[in-house]
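Structural overview
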Amino acid sequence: ANTVSAYSMTQVSGVNTLFAAVSKVVMQRYDSLEPTALLHLLKSFVAVPRDIAGNVVHALAAAVARHIDELRPQELQTLSRICVSTLDLRHNHDLSNEELRTYCMTLG
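Residues numbered from 1 in each chain as written. Predicted model: local features only at pLDDT ≥ 70, side-chain atom pairs only at ≥ 80, totals over all residues. Heavy atoms only, no water.

The next point concerns the pattern of salt bridges. Within the structure shown, the criterion is met by four salt bridges. The partner of Asp-69 in a salt bridge is Arg-101, and the shortest N-O contact between them spans 3.1 Å. Within this pair, whereas Asp-69 is found in the loop between helix H4 (50–65) and helix H5 (73–86), its partner Arg-101 is found in helix H6 (residues 97–107), the two being separated by 32 residues in sequence. For Asp-69, a relative accessible area of 60% puts it in the exposed group. With a closest N to O distance of 3.2 Å, Asp-88 and Arg-90 form a salt bridge. Taken individually, Asp-88 and Arg-90 each receive the classification exposed, so the pair is uniform in this respect. When salt bridges with common partners are traced through the structure, they connect Asp-69, Glu-98 and Arg-101 into a single cluster. (Salt bridge = Lys/Arg side-chain N within 4 Å of Asp/Glu carboxyl O. Helix = DSSP H or I, 4+ residues; strand = E, 2+ residues; numbered from the N terminus. Buried < 20%, exposed > 50% of the residue type's maximum accessible area, 1.4 Å probe, protein only.)

The following block contains the structure:
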């Protein structure tokens, strides 16, 4: 997740190849990851261009949606910010678990 975040902020040549390789690994393993790891990966991949990370974002968001009730309050706030910014929502408060689930499925 940290590698994806770091490279999503840079304009280095070959970064798309790196994203594609990491995406492939994530797609192979996302169903066995802990909810916190899923959230960190989702946060990182939403910053990657959609044409490269679209499938990974969909898979991670759907996986996070299944684990909403297992996330800690701080993680729920992070997920709220991800949903609000990615979906361009107009909310001034943290989203409820049900709203988060719905918006994650929209991303997924």
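What follows deals with the nonpolar core. Core analysis: the biggest nonpolar cluster contains 30 residues, and Leu-42, Phe-45, Leu-60, Val-64, Leu-79 and Cys-83 have the highest contact counts within it. Contributing elements (two or more residues each) for this core: helix H2 (15–29), helix H3 (35–45), H4, H5 and H6. When residues of this core are assigned to their parent elements, the largest contribution, eight residues, is made by H4. (Core = buried A, V, L, I, M, F, W, Y, C linked by side-chain atoms within 4.5 Å.)

In contact at an axis separation of 11 Å, H3 and H5 are set at 30 degrees when each is read in the N-to-C sense. As the angle between them shows, H3 and H5 are arranged roughly parallel. Once H3 is placed against H5, the crossing between them reads as left-handed. For the pair H3 and H5, the contacting residues are Thr-36, Leu-39, Leu-42 and Lys-43 in the first and Glu-75, Thr-78, Leu-79 and Ile-82 in the second. Counted by class, the contact of H3 with H5 contains four nonpolar, two polar and two charged residues. (Axes fitted to C-alpha atoms, helices over the stretch in contact; angles between N-to-C directions. Parallel < 35°, antiparallel > 145°, perpendicular 65-115°, else oblique. Left-handed = near helix turned anticlockwise from the far one by under 90°. Contact = heavy atoms within 4.5 Å. Nonpolar A, V, L, I, M, F, W, Y, C, P; charged D, E, K, R; others polar.)

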